[in-house]
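An overview of the molecular structure
Listed here are the chains, written in short residue letters.
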Amino acid sequence: MLKRFIPFLIVAAVAVPARAQGRGGQPPQAPPAAGESAGPREEFAGAAEEKISQTSHTIRVDGREIKYTATAGTLPIRLDNGQVVARMFFVAYTKDGEDAKTRPVSFLYNGGPGAATIWLHMGSFAPKHVRMADEGFQPAPPYTLEDNENSLVDVSDLVFVDAISTGYSRTTPGNSSQQFHGQSGDLRAFGEFINVYLKTYNRWPSPKYLIGESYGTIRSAGLAQEIQDRHGIELNGIVLVSSLLTYQTLSPAPDNDVAYASLIETFAADAWYHKKLPADLQGQSLKQVVDQARIFAFGDYMAALTKGNALSDAERTSMAQRLARVTGLPQQFILNANLRVTADRFRKELLRDKRLTIGRLDGRFTSIDADAAGERQEYDISNSALQGPYTSMFQEYVKNDLKWETDLHYPTSGNVRPWTYDQNRYMDMTEPLRSAMTHNPFLKVFVAIGYYDMATIMGGAEFNFTHLAYDKQVTDRVSHGYYEAGHMIYIRPSAHKALKNDVAKFIQGTRAQGASRTTSQP
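Read on for an overview of the structure.

This part covers the pairing of strand β9 (residues 208–213). Extensive coverage of β9 is indicated by the burial of 6 of its 6 residues. Burial along β9 is two-sided: Lys208, Leu210 and Gly212 facing one way and Tyr209, Ile211 and Glu213 facing the other are all buried. Pairing of strand β4 (residues 105–109) with β9, which is carried by 5 bridges, proceeds in the parallel orientation. Each bridged residue has a counterpart across the sheet, and for Phe107 the counterpart in β9 is Leu210.

In structure tokens:
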């Protein structure tokens, strides 16, 4: 939830535009030879998927019993001619006995592009979540589902939605899914879904929120403008979990040094966690280390990078020494990389002396590669650690607890390639978000950042929002939260609790009547 597309990516599977993929992305695939299959047979939503299942449940949150209704099913997606071209799968959790006029409703989704919403659904704010091992690490099978004490159902109704071609969302027979495999089509589909949901369940008066993760944050930025312009829907708030607004910060190139500078804070955080920094830095708090890395990254380091090959030998050596100090990498390795270390090289190099690589989605995780001398990691353990528990528990939960059945497969990473972008180089949703916020002077944004996340890096998110706008009437409506966790902030119990509390306060704060247009969030 960017640059190189890794097979079987989950929430963090953010991909770059086709043109950017040439700088380290997956190369184009050759067409299948004669007689070979081009891929799995495409599935479509039929009459069986039109059913809706409602079940009653109870949970205790903060010592209070909450009765809620779970609604599972699909809603039709129509285009301008009124034809149903797709059906999007959702699970909604609505607190019983609440007035829809005052009860918030939040729409939640993952990213990819191509990621189903199983990760947010089974990990973050739903009334049930997967039990992980201590600190969010991989549990031993068999896996279990448990009540989620950090559910948001006490604060907001929750609607988890799968993107088309992921999860159980499909086009209808005779309609191509490719029209939704791209920036514009994806926004159109989600906008139509929200419009239909509000109409079907009489939620037009409700305070409305978007909660997206990874590429889902890019989606939220564009979706805020889409539903505002096409459907007249105004939001109260947007929560961006593991945020990204532009691929510029994740696409290193000879003329894009911002991407290298954006990585340094995360490098420092991961090096601190694995105790690879000098003693004086290692003895400081994580926040203190990251704060120093931020000043260095967008100060002296960025200035040195902009000099390019005009940098003197003495300046190069001095900068390599300073980079080694804050990243835990060998000085010579940094020099060999021309002071520009990519994220995949960092993950392989940091613990090479222990024959370990660190996770992309969560730098706390470590794994063993077949080749400790290799250039890049064999796989991402912080991805695969969740794949088994989440996938098995979700499908069992939908069938047995929510009483919704289908013969469709549930791809957690759908086949949405090629993904079509409107921009030629860097996918960028900064301007649509700014526009939505200026049209709606009450719209507020909360940005949740994991220190150990190398998929949507904190330096990149910070750079995005320092360039969102230059007027305090917009910038004062953006607030940030930092968590000692990775991309899936919620898998670490302490971070999960803090995230829930912060999002709950954010939602409650945006509902204040007569709130000032420039009120800052806590």
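Contact geometry of helix α4 (residues 215–231) with helix α12 (residues 430–439) gives a least axis separation of 7 Å together with a crossing angle of 45°. By the criterion of interaxial angle, the relationship of α4 to α12 is oblique. At the point where α4 passes α12, the crossing takes the left-handed sense. From α4, Ala221, Gly222, Ala224, Gln225 and Gln228 reach across to α12, where they touch Pro432, Leu433, Ser435, Ala436 and His439.

Between helix α7 (residues 286–307) and helix α8 (residues 313–327), the least distance of the axes is 11 Å, while the angle of their chain directions is 155°. Taken as axis vectors, α7 and α8 run roughly antiparallel relative to one another. Crossing angle aside, the handedness with which α7 passes α8 is left-handed. In this structure, α7 uses Ala293, Phe296, Asp300, Tyr301, Ala304 and Lys307 to contact α8, whose residues at the interface are Glu315, Met319, Arg322, Leu323 and Val326. Across the contact of α7 with α8, the residue classes break down as 7 nonpolar, no polar and 4 charged.

To continue, consider the side chain of Gln377. Here Gln377 lies in the loop between β12 (366–367) and α11 (381–400). Of note is the side chain of Gln377, whose polar atom sits 2.4 Å from the side chain of Arg347. Of the polar contacts made by the side chain of Gln377, one reaches the backbone oxygen of Ile358; its length is 3.1 Å. With near-sequence residues (within four places) excluded, Gln377 lies in contact with Arg347, Lys348, Thr357, Ile358, Arg360 and Asp369.

A word on the pattern of salt bridges. Considering all chains together, one arrives at 30 salt bridges under this definition. In this structure, Lys500 engages Asp154 in a salt bridge whose closest nitrogen and oxygen atoms are separated by 3.1 Å. Of this pair, Lys500 sits in helix α15 (residues 493–510) while Asp154 sits in the loop between β6 (145–147) and β7 (157–161), and the two are 346 residues apart along the sequence. Residue Lys500 shares its accessibility class with Asp154, and that shared class is buried. Close ionic contact of Lys472 with Asp476 constitutes a salt bridge, the shortest N to O distance being 3.3 Å. Connected through salt bridges with shared partners, the residues Glu265, Lys287, Asp291, Arg294 and Glu462 form a single ionic network.

Scoring rules and cut-offs
- Residues numbered from 1 in each chain as written.
- Predicted model: local features only at pLDDT ≥ 70, side-chain atom pairs only at ≥ 80, totals over all residues.
- Heavy atoms only, no water.
- Buried < 20%, exposed > 50% of the residue type's maximum accessible area, 1.4 Å probe, protein only.
- Helix = DSSP H or I, 4+ residues; strand = E, 2+ residues; numbered from the N terminus.
- Pairing = 2+ DSSP bridges.
- Axes fitted to C-alpha atoms, helices over the stretch in contact; angles between N-to-C directions.
- Parallel < 35°, antiparallel > 145°, perpendicular 65-115°, else oblique.
- Left-handed = near helix turned anticlockwise from the far one by under 90°.
- Contact = heavy atoms within 4.5 Å.
- Nonpolar A, V, L, I, M, F, W, Y, C, P; charged D, E, K, R; others polar.
- Polar contact = N/O pair within 3.5 Å; in protein donor to acceptor, adjacent residues only side chain to side chain.
- Salt bridge = Lys/Arg side-chain N within 4 Å of Asp/Glu carboxyl O.

Honestly, it's all geometry; don't read function into it.
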